[in-house]
Amino acid sequence: MEERTLLIVKPDAVSQHHMGSIITMVEAEGFRILGMKMTQLDREQAGAFYAVHQGKPFYEELLDFMTSGPIVPMALSRKEGVSYLRQVVGATNSREAAEGTIRAQFGTDVQQNAVHASDSPENAAKEVAFFFAEDERFGG
Ligand code: CMP
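Below you will find a few notes about this structure. Everything numeric in this text was worked out from a predicted model, so none of it was measured.

What counts, and at which threshold
Residues numbered from 1 in each chain as written. Predicted model: local features only at pLDDT ≥ 70, side-chain atom pairs only at ≥ 80, totals over all residues. Heavy atoms only, no water. Phe/Tyr/Trp six-rings, centres within 6.5 Å; stacked < 30°, edge-to-face > 60°. Buried < 20%, exposed > 50% of the residue type's maximum accessible area, 1.4 Å probe, protein only. Lys NZ or Arg CZ within 6 Å of the ring centre and 35° of its normal. Helix = DSSP H or I, 4+ residues; strand = E, 2+ residues; numbered from the N terminus. Salt bridge = Lys/Arg side-chain N within 4 Å of Asp/Glu carboxyl O. Pairing = 2+ DSSP bridges. Axes fitted to C-alpha atoms, helices over the stretch in contact; angles between N-to-C directions.

As a further point, take the packing of aromatic side chains. Within the structure shown, the criterion is met by five aromatic pairs. Where Phe49 meets Tyr50, the ring centres are 5.0 Å apart and the plane angle is 90°; that geometry is what we call edge-to-face. The residues Phe49 and Tyr50 share a single accessibility class, namely buried. Both rings, one in Phe130 and one in Phe131, keep their centres 4.9 Å apart while their planes meet at 70°; by these two values the pair is edge-to-face. According to the relative accessible area criterion, Phe130 is partly exposed, its value standing at 34%. Put simply, the rings of Phe49, Tyr50, Phe130 and Phe131 pair up and form one aromatic cluster. Sitting over the ring of Phe31, Arg78 keeps its end group 5.9 Å from the ring centre. Stacked on the ring of Tyr84, the Lys or Arg Arg78 has its end atom at 3.5 Å from the ring centre.

Take a look at the structure:
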């Protein structure tokens, strides 16, 4: 079944000029891009997006990082999109990500890991809606 998911190219990957390579990889893996924009989160928005991590030791640092520069969220669609994208993205810690994954190629460590990908269809629906109004999503 076609399934939507959200990918965010994070500030590290944008500033290191990797967004084009990442777009190329997701398109080559059969994802359709339903929506895409460049934006910068303020602290309140980043806190809302990552509310599930509130209280964790890395939370404040995560907000510092995610608000440090522009990001590129993308609403994607593909068969088994959520689980497939997580395979393409690789493990959270870039140093442990399998060869050929986005994080192995473009990430640095557990925080500066180049991209975010939704972890379940339920969260994907919420995360797509966080960044894209209905009239900002196409063909999906
Ligand atoms: P992401 O997939 O966007 O989900 C939460 C983010 O928090 C994660 O990628 C990392 O950027 C960051 N993160 C997760 N675990 C850690 C950790 N142990 N230390 C620092 N940052 C982390």
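Turning our eyes to something else, we now look at unusual backbone geometry. Positive phi values are uncommon outside glycine, yet His17 reaches one of about 65°. When you line up the elements, His17 lands in the loop between helix H1 (11–15) and helix H2 (19–28). For Ala114, which is not a glycine, the phi torsion comes out positive at approximately 70°. Mapped onto the secondary structure, Ala114 falls in the loop between helix H6 (102–106) and strand S4 (115–117). A relative accessible area of 0% places Ala114 in the buried class.

Where charged atoms of side chains with opposite charge meet at close range, the side chains can pair. Tallied over the full model, the rule gives four salt bridges. Salt-bridge contacts for Glu2 lead to Arg32; the nearest nitrogen and oxygen are separated by 3.4 Å. Residue Glu2 is located in strand S1 (residues 2–9), and its partner Arg32 is located in strand S2 (residues 32–36); the two are separated by 30 residues in the primary sequence. Using a relative accessible area of 40% as the deciding quantity, one classes Arg32 as partly exposed. Overlapping salt bridges bring together Arg43, Glu60 and Asp64 as one network.

As a further point, take the sheet that holds S1. The strand order S2-S3-S1-S4 describes an open sheet built from four strands, whose pairing is antiparallel. Strand pairing shows two members of the sheet lacking a second neighbour, S2 and S4, which therefore form its edges. On average, each strand axis in the sheet is inclined to that of its neighbour by 25°, with strand direction left out of account. Looking at chain direction, S1 and S4 are connected through three bridges and run antiparallel. Along S4, the bridge assignment pairs Leu7 with Ala117.

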